[in-house]
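As a plain string of letters, each chain reads:
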Amino acid sequence: MGLTASVLAIDAGNSKTDVAVVAADGEILATARGGGFRPPVVGIDTAFDALGEAVARAFADAGVSAVDHVSACLANADFPVEEEQLATALHARAWGTGVEVRNDTFAILRAGIPEPRGVAVVCGAGINCVGMRPDGRTARFPALGRISGDWGGGWGLAEEALWHASRAEDGRGGPTALARTLPAYFGLDSMYDLVEALHLEHVAHHRRHELTPVLFATAADGDPVARSIVDRMAEEVVAMATVALTRLELLDEEAPVLLGGSVLAARHPQLDDGIRELLAAKAPKAVATVVTARPVLGAVLLGLDHVGAVAEAHTRARAHYEH
């Protein structure tokens, strides 16, 4: 093989993993996909065993057994101590000479910007925000749910909609069409029936997130309660972005704010417009963009940043994923 593998890029989320073997000039030599990466559920060793199957396939296709640098953007790397634990486990695998572990939100950020400078807010099942500057400074949040001050994401939106709908039906809260639209989605007649079905798991727990699009549809039809929930989501996204921009001293200069994850990528008009209006008021120089590139591209670019690759290498890698 004429090209030497320089970077192993890993984007490992809760539901799926993408890996890429990259040459120093940015050529993607091989890629592979694996299952979810969930160390808190299965343990670090088991999680890396599963990840190793995808890495082995990519190495075999690229004709290599190791690389110079491993750029790993991993779910559940929320605190420095977790990054250190995961980096130690990665070193033990001997896939590369050097290892850098980041939270997987950094992959989405780097995939959407031409240089490592800006902020990303990701709203999928949960919500997270990270920011970075070329000098290595970063801004981030633990993003562990309510215990770390977070609100929103698909799960949070569905939970909030259920709360309002239940209270509307039994009289503790004001009226909302959610009391009708949420149970109707599952073919049920009332919130009482839906609560019972969820509690007894006649409707599987993981299906709650399917109610988020129902919330947005109800809001689009004009329901004030549903609209208020969507407005709050916009406020949370902008609050996180503004704090990250401030921490990185980017609030007073033009800087990208990348929006990613299933909830934001869906481009719901009320949420999309609300974020842009609030951002214009609180961070007028920020430039909001929805990220559509695959996050593994961000892990690739972070790896090329680390090894000091030339600009053309970044361009070549980006072209592979954005063609």
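To be clear, the structure that these remarks concern was listed above.
Residues numbered from 1 in each chain as written. Predicted model: local features only at pLDDT ≥ 70, side-chain atom pairs only at ≥ 80, totals over all residues. Heavy atoms only, no water.

1. Digging into the packing of helix H9 (residues 224-247) against helix H11 (residues 269-282)
Where H9 meets H11, the closest approach of the two axes is 9 Å, and the angle between their N-to-C directions is 40°. With respect to each other, H9 and H11 are oriented oblique. The way H9 lies across H11 gives a crossing that is right-handed. Judged by residue contacts, Arg227, Val230, Asp231, Met233, Ala234, Glu235, Val237, Val238, Ala241 and Thr242 of H9 engage Gln270, Leu271, Gly274, Ile275, Leu278, Leu279 and Lys282 from H11. When grouped by side-chain class, the residues that make up the contact of H9 with H11 number 10 nonpolar, 3 polar and 4 charged. (Axes fitted to C-alpha atoms, helices over the stretch in contact; angles between N-to-C directions. Helix = DSSP H or I, 4+ residues; strand = E, 2+ residues; numbered from the N terminus. Parallel < 35°, antiparallel > 145°, perpendicular 65-115°, else oblique. Left-handed = near helix turned anticlockwise from the far one by under 90°. Contact = heavy atoms within 4.5 Å. Nonpolar A, V, L, I, M, F, W, Y, C, P; charged D, E, K, R; others polar.)

2. A few points about the side chain of aspartate 272
Within the secondary structure, aspartate 272 is located in helix H11. Here aspartate 272 falls in the buried class, since its relative accessible area comes to 11%. Of note is the side chain of aspartate 272, whose polar atom sits 3.1 Å from the side chain of arginine 267. Contacts of aspartate 272, omitting those with residues within four sequence positions, involve Arg267 and Val290. (Buried < 20%, exposed > 50% of the residue type's maximum accessible area, 1.4 Å probe, protein only. Polar contact = N/O pair within 3.5 Å; in protein donor to acceptor, adjacent residues only side chain to side chain.)

3. As for the sheet that holds strand E9 (residues 255-260)
On the basis of which strands lie adjacent, the open sheet formed by 5 strands has the order E8-E7-E6-E9-E10 and mixed pairing. A strand with exactly one partner marks an edge of an open sheet, and here the two such strands are strand E8 (138-140) and strand E10 (286-290). Direction aside, neighbouring strands of the sheet carry axes that sit 15° apart on average. Where strand E6 (residues 118-123) and strand E7 (residues 127-132) come together, 6 bridges link them in antiparallel fashion. Within E7, the position partnered with alanine 120 by the bridge is valine 130. With respect to the sheet, H9 is in contact with E6, E7, E8, E9 and E10, its orientation differing from that of E7 by roughly 25°. (Pairing = 2+ DSSP bridges.)

4. Considerations on the packing of aromatic side chains
Inspection of the entire model under this criterion finds 2 aromatic pairs. Ring geometry for phenylalanine 37 against phenylalanine 48: centres 5.2 Å apart, planes inclined by 70°, an arrangement best described as edge-to-face. You can see phenylalanine 37 sitting in the loop between strand E3 (28-35) and helix H1 (39-42) and its partner phenylalanine 48 sitting in helix H2 (residues 44-62), a full 11 residues away along the chain. For the pair tyrosine 185 and phenylalanine 186, a centre-to-centre distance of 4.9 Å together with 80° between the ring planes defines the contact as edge-to-face. Using a relative accessible area of 39% as the deciding quantity, one classes tyrosine 185 as partly exposed. Its guanidinium or amino end placed over the ring of phenylalanine 106, arginine 102 lies 5.2 Å from that ring's centre, counting from NZ or CZ. Looking at arginine 247, its charged tip hangs above the ring of phenylalanine 141, at a distance of 4.7 Å from the centre. (Phe/Tyr/Trp six-rings, centres within 6.5 Å; stacked < 30°, edge-to-face > 60°. Lys NZ or Arg CZ within 6 Å of the ring centre and 35° of its normal.)

5. What to know about the side chain of arginine 117
Position of arginine 117 relative to the elements: it lies in the loop between helix H4 (105-111) and E6. A residue is classified by how much of its surface remains accessible, and arginine 117, at 16% relative accessible area, is buried.

6. Some remarks on the pairing of E9
Judged by how many residues are buried, E9 sits mostly within the fold: 5 of 6 residues are covered. Relative to E9, E6 runs parallel, the two sharing 4 bridges. When the sheet's bridge partners are listed, alanine 120 is paired in E9 with leucine 258. Judged from the 5 bridges that link them, E9 and E10 form a sheet pairing that is parallel. By the bridge assignment, leucine 258 is partnered in E10 with threonine 289.

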